[in-house]
Amino acid sequence: MVGGLRPAATTRQQLGDDRRLRMLVLGYPLLVALLLPVPSTWITFWFWLTLLSMVGGAVSLIRIVVILSNRSSPAPAARTL
């Protein structure tokens, strides 16, 4: 059932997805540990971090839209009675 919800991905795509997910899961606690001790008086740091995060998110969304718009749609299934 779940396999039908997502288009079949190649093994290479699955390995890339798994690698990115592992890096995110393992990197998030490290990032939190690094950023928590930063004092709130570092306004410039927080401004640039927020701005870079927004740019990174926008680039990711644009990449997703481009990938989805370039993907060919599957041929319609033949109807049988």
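These figures come from a predicted structure and were not determined experimentally.

Brief notes about the pattern of salt bridges
Consideration 1: One pass over the full model with this rule turns up one salt bridge.
Consideration 2: For aspartate 17, the salt bridge is made with arginine 20, and the minimal N-O distance between the two is 2.7 Å. Here aspartate 17 and its partner arginine 20 are both found in helix H2 (residues 11-35), three residues apart, which amounts to about one turn of the helix.

Remarks on the layout of surface pockets
Consideration 1: Within this model, the second largest pocket holds a volume of roughly 160 Å³.
Consideration 2: Lining the second largest pocket we find Asp17, Arg20, Leu21, Met23, Leu24, Gly27, Tyr28 and Leu31.
Consideration 3: Residues that form the lining of the second largest pocket fall into these classes: five nonpolar, one polar and two charged.

Notes on the confidence of the model for the chain
Consideration 1: Averaged over every residue, the pLDDT of the chain is 77; the share at 70 or more is 77%.
Consideration 2: Considering each helix and strand of the chain separately, the mean pLDDT is smallest for helix H1 (residues 2-5), with a value of 51, and largest for helix H3 (residues 43-70), with 88.

Quick notes on H2
Each α-helix turn comprises 3.6 residues. Residues three or four places apart therefore point the same way.
Consideration 1: The end-to-end C-alpha distance of H2 is 35 Å, a good match for the 36 Å that 25 residues give at a rise of 1.5 Å each.
Consideration 2: A maximum bend of about 35 degrees is found in H2 at glycine 27, where proline proline 29 lies one to four positions downstream.

As for the packing of aromatic side chains
The description of two aromatic rings rests on the distance between their centres and on the angle between their planes.
Consideration 1: Within the structure shown, the criterion is met by three aromatic pairs.
Consideration 2: Ring geometry for phenylalanine 45 versus tryptophan 46: centroids 5.1 Å apart, planes at 70 degrees, classification edge-to-face.
Consideration 3: Their ring planes at 75 degrees and their centres at 5.2 Å tell us that phenylalanine 47 and tryptophan 48 sit as a pair that is edge-to-face.
Consideration 4: Given a relative accessible area of 47%, phenylalanine 47 falls into the partly exposed group.

Here's the deal with a nonpolar patch on the surface
Consideration 1: Together, Phe47, Trp48, Leu51, Met54, Val55 and Val59 give the surface a local cluster of nonpolar side chains, amounting to about 590 Å² of exposed area.
Consideration 2: Within the secondary structure, methionine 54 is located in helix H3.
Consideration 3: With a relative accessible area of 54%, methionine 54 lands in the exposed category.

Conventions we followed
- Residues numbered from 1 in each chain as written.
- Predicted model: local features only at pLDDT ≥ 70, side-chain atom pairs only at ≥ 80, totals over all residues.
- Heavy atoms only, no water.
- Salt bridge = Lys/Arg side-chain N within 4 Å of Asp/Glu carboxyl O.
- Helix = DSSP H or I, 4+ residues; strand = E, 2+ residues; numbered from the N terminus.
- 1 Å grid on protein atoms, 1.4 Å probe; cavity = no way out; pocket = protein on both sides within 12 Å on 5 of 7 lines; lining within 4 Å.
- Points joined across faces, edges and corners; volume = space filled by probe spheres on them.
- Nonpolar A, V, L, I, M, F, W, Y, C, P; charged D, E, K, R; others polar.
- pLDDT = per-residue confidence, 0-100.
- Expected span 1.5 Å × (residues − 1).
- Bend = angle between axes of the 7 residues up to and from the residue.
- Phe/Tyr/Trp six-rings, centres within 6.5 Å; stacked < 30°, edge-to-face > 60°.
- Buried < 20%, exposed > 50% of the residue type's maximum accessible area, 1.4 Å probe, protein only.
- Patch = residues over 30% accessible without salt bridge, like charges linked within 9 Å, V, L, I, M, F, W, Y side chains within 5 Å.
- Areas by Shrake-Rupley, 256 points an atom, 1.4 Å probe, with all protein chains shown as cover.

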